[in-house]
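For reference, the chains in residue letters:
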Amino acid sequence: MSIERETFAAAMRAFLFCFLLTAPALAQTYTLSGKVSDTAGHAVPSATVTAKSVATQKSFTAETNSDGMYSIRDLAGGDYEVSAVAGELQAPAIKVTLADAQTTDLTVSLAPKGAAGLPNAPQQQQGPPANPNAPSLSDLGFTTQQTQPNTELQARLTKRTEMLKIHQRLGLITAIPMAATLITGPMAKAKGKKGETITEPTDANLDFHAALGGLTTALYFTTASYAIFAPRIPNNPKHGGIRWHEALAWVHGPGMILTPILGYMAYQQENSGEKPHGFPAQHGTVAWITASAYGASIVAVSWPIHLKFWEKK
Amino acid sequence: MKPSFLFGLALAVSAAAPVFAQPDTQYVLQQSSLSYHMSHPMHEVDGTSHAARGKGICHAGQCDFLIAAPVKSFDSGDTNRDLHMLEATRGAQFPMVQVRTHFAESEIQASTVYADLEVEFAGQTAHYTHVAFQRTQQGSAVRITGTIPALCSDFKIDRPSFLTVPIKNEIPVHVDMTWQKQ
């Protein structure tokens, strides 16, 4: 096997390894659906059904339609406590495990709050005594749109946050092999044992550099996918550091495509006895610009940074 | 009974009537600034809302005030952070933050007003007792400033994290309101 093929194979192995590492994050999701009815069996529209993950304590909600039907999509597998509420009606938490079937059907029966058989009925908060003269929310002139709950938007926000958390973590992890790839780049032309310059890259250095590059590329695009496919929130014009974060993606994104291509072309030129020339000779420069833009985008989304973070405030 | 006595009694009753049947006094929130402060090892962030509305009704010497603001009206200077806060505080499901308080009308005149607050936020209700607010008279308006010592845990909020490090539990809310007596 030629050095070229071995290098390519090493990069592919790194890519596959990384893909397998991140695959569980893209794993199967589950849907919880069913009907909410009252004790007489009548459908209850506009009831809020909440599925709370036992493991993460995250809650996912849905509202029933006019037929009392609800559906909570994109749930991760595991144990959930499902509860429902509609005005003065509520249901105790029901334990459900989402594991085998992709869609789990659960019918929820509501009873008046505080009724017997509702061990999980929440205690009412004891506030100040109600005063008939006290102003109410309706006295303040807010629109219905402002005061009404939007469970669909909450579900989108939850999904968005989950995806962006993964984006953030993977983004930080990606910075490690990216830095290592930059460091190992010049080593492909390191001085030999007796001090002479090695004009031909050594197999080991090149393989390592290519493997790191492959790992970085795979992690980078996996990271990017979590931001690209995160749900969009309508009517929400962007401002602040996030604008720089996204603008810099237009630099490091193309850079992450271009860098490995130029690296491969430069290697081919060296392999055929030529000194890298033309665009391939810019492989290192493009890599540094890409990494710098990547670092700047992390700083942008972290701004303003409290630099003396070790000091007690 | 002498007519002059009856006339005198009627005069006294009519003179005293406004005292016993005082009309309600109302206060309306003219302008406000509500700011939560969030601490993270790498950040010190304030999110501010100027969208609060409020009303106070004083009846028979007792006053009830309600101040409310849409959760999504808080702006920290970064859309991404605000959406994260909106998600963490369940702001789409519970879109309003509401503060209620009740005290005697005579207490409003003091330079420092101590209020018991009932705060409804993120689907939870928390009570804060004896919160001090500074009162300044500005012409016909009254300016009230103070800080509500709120905690994320008071409202069962999963603390938002950045770079995998969560923010501090304390999210004090600074209040600066100008009320106009109607």
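Residues numbered from 1 in each chain as written. Chains lettered and ligands numbered in written order. Predicted model: local features only at pLDDT ≥ 70, side-chain atom pairs only at ≥ 80, totals over all residues.

**Considering the overall build of chain A**
Thought 1: Looking only at helices and strands, chain A has six helices and eight strands in total.
Thought 2: If you list the helices and strands of chain A from N to C, you get α-β-β-β-β-β-β-β-β-α-α-α-α-α.
Thought 3: Sorting the 313 residues of chain A into buried and exposed places 27% on the buried side.
Thought 4: Taking the contacts inside chain A whose residues are at least 6 apart along the sequence as the reference set, 69% of them involve residues at least 24 apart. (Helix = DSSP H or I, 4+ residues; strand = E, 2+ residues; numbered from the N terminus. Buried ≥ 20, exposed ≤ 12 C-beta atoms within 10 Å, placed from the backbone. Contact = placed C-beta atoms within 7 Å.)

**Some remarks on the overall build of chain B**
Thought 1: A tally of helices and strands in chain B yields two helices and 11 strands.
Thought 2: For chain B, the succession of helices and strands along the chain, N to C, is α-β-β-β-β-α-β-β-β-β-β-β-β.
Thought 3: Out of the 182 residues belonging to chain B, those deemed buried represent 35%.

**Regarding the environment of Ser292(A)**
Residues and elements named next belong to chain A.
Thought 1: Relative to the assigned elements, Ser 292 resides in helix H6 (residues 283-302).
Thought 2: Taking the C-beta count within 10 Å as the criterion, Ser 292 has 15 such neighbours and is therefore assigned partly exposed.
Thought 3: Along the chain, Ser 292 and Leu 248 lie 44 residues apart, while their C-alpha atoms are 9.7 Å from each other.

**Digging into the packing of helix H3 (residues 151-184) of chain A against H6(A)**
All names here are of chain A.
Thought 1: It is at 11 Å that the axes of H3 and H6 come closest, and there the two elements cross at 150°. Classified by the interaxial angle, the pair formed by H3 and H6 is roughly antiparallel. Note that H3 runs across H6; the crossing there is left-handed. Packed against H3, whose contacting residues are Gly 171, Met 178 and Leu 182, the element H6 presents Ala 287, Trp 288, Ala 291, Tyr 294 and Ile 298 at the interface.
Thought 2: Its residues assigned to classes, the contact of H3 with H6 comprises seven nonpolar, one polar and no charged. (Axes fitted to C-alpha atoms, helices over the stretch in contact; angles between N-to-C directions. Parallel < 35°, antiparallel > 145°, perpendicular 65-115°, else oblique. Left-handed = near helix turned anticlockwise from the far one by under 90°. Nonpolar A, V, L, I, M, F, W, Y, C, P; charged D, E, K, R; others polar.)

**Structural notes on the confidence of the model for chain B**
Residues and elements named next belong to chain B.
Thought 1: With 87% of its residues at a pLDDT of at least 70, chain B reaches an overall mean of 87.
Thought 2: Here helix H1 (residues 3-20) is the element of chain B with the lowest mean pLDDT, 49, and strand S11 (residues 173-181) is the one with the highest, 95.
Thought 3: Confidence over residues 13-21 falls short of pLDDT 50; this stretch has zero contacts with residues more than four positions distant or in other chains.
Thought 4: This complex was scored by the predictor with a pTM of 0.65 and an ipTM of 0.80. (pLDDT = per-residue confidence, 0-100.)

**So, the interface of chain B and chain A**
Thought 1: Contacts between chain B and chain A engage 35 residues on the former and 41 residues on the latter.
Thought 2: Among the elements of the structure, strand S2 (43-49), strand S3 (53-59), strand S4 (62-70), helix H2 (79-88) and strand S5 (96-104) of chain B are those that each provide at least two residues to the side of chain B that touches chain A.
Thought 3: Looking at the side of chain B that touches chain A, the element that brings in the most residues is H2(B), giving six residues.
Thought 4: Taken together, the residues of the side of chain B that touches chain A sort by class into 13 nonpolar, 12 polar and 10 charged.

**With respect to the environment of Ala247(A)**
Thought 1: You can see Ala247(A) is positioned in helix H5 (residues 241-271).
Thought 2: C-alpha of Ala247(A) to C-alpha of Ser297(A): the two residues are 50 residues apart in sequence and 8.3 Å apart in space.

**A word on H5(A)**
Residue and element names in this part refer to chain A.
Thought 1: For H5, with 31 residues, the first-to-last C-alpha span of 44 Å sits near the 45 Å given by 1.5 Å per residue.
Thought 2: When the local axis directions of H5 are compared, the greatest deviation, roughly 30°, occurs at Trp 250, which is followed within four positions by the proline Pro 254.
Thought 3: Listed as buried for H5 are Gly 241, His 245, Leu 248, His 252, Gly 255, Met 256, Thr 259, Leu 262, Gly 263, Ala 266 and Tyr 267.
Thought 4: Immediately downstream of H5, the backbone of Gly 273 shows phi near 85°, a positive value. (Expected span 1.5 Å × (residues − 1). Bend = angle between axes of the 7 residues up to and from the residue.)

**A word on H6(A)**
Thought 1: Across its 20 residues, H6(A) extends 29 Å between first and last C-alpha, which sits within 8% of the 28 Å expected from 1.5 Å per residue.
Thought 2: For H6(A), every residue scored as buried is listed here: His283(A), Val286(A), Ala287(A), Thr290(A), Ala291(A), Ala293(A), Tyr294(A), Ser297(A) and Val301(A). One side of H6(A) holds all its buried residues, which, seen down the axis, span an arc of 160°.
Thought 3: Where H6(A) is buried, its residues meet H3 and H5 of chain A together with H2 of chain B. (Arc of directions from axis to C-beta.)

**Description of the pairing of S4(B)**
Residues and elements named next belong to chain B.
Thought 1: Of all nine residues in S4, seven are buried, a share of seventy percent or more.
Thought 2: Looking at chain direction, S3 and S4 are connected through seven bridges and run antiparallel. Pairing of Lys 55 across the sheet is with Leu 66, part of S4.
Thought 3: Hairpin connection from S3 to S4: two residues lie between these consecutive antiparallel strands, with Ala 60 at a positive phi of about 50°.
Thought 4: Here nine bridges tie S4 to S5, and the two strands are oriented antiparallel to one another. Counterpart to Ala 69 in the pairing with S5 is Val 97. (Pairing = 2+ DSSP bridges.)

**Topic: the packing of H3(A) against H2(B)**
Packed helices, taken two at a time, are described by the angle their axes make and the gap between the axes.
Thought 1: With their axes 9 Å apart at the nearest point, H3(A) and H2(B) run at an angle of 120° to one another. Here H2(B) runs oblique to H3(A), going by the angle between their axes. When the axes of H3(A) and H2(B) are compared, the crossing they make is left-handed. Contacts from Leu157(A), Thr158(A), Arg160(A) and Thr161(A) in H3(A) reach Leu83(B), His84(B), Leu86(B) and Glu87(B) in H2(B).

**Re the pairing of strand S1 (residues 30-38) of chain A**
All names here are of chain A.
Thought 1: Looking at chain direction, S1 and strand S4 (residues 69-75) are connected through five bridges and run antiparallel. In the strand pairing of S4, Ser 33 is matched with Ser 71.
Thought 2: Where S1 lies against strand S7 (residues 103-105), three bridges are found, and the strand directions are parallel. Looking across to S7, one finds that Thr 31 is bridged to Thr 103.

**A look at unusual backbone geometry**
Thought 1: With phi around 50°, Asn235(A) is a residue other than glycine that occupies positive phi space.
Thought 2: Classification of Asn235(A) as exposed rests on a count of 5 C-beta atoms within 10 Å.

**Regarding the confidence of the model for chain A**
All names here are of chain A.
Thought 1: Confidence in the prediction for chain A averages 78 pLDDT; 76% of positions are at 70 or higher.
Thought 2: Predicted confidence for residues 18-26 stays below pLDDT 50, and this span has seven contacts to residues more than four positions away or in other chains.
Thought 3: Taken as a whole, residues 115-129 scores under 50 in pLDDT and shows 15 contacts with residues more than four places along the chain or in a different chain.

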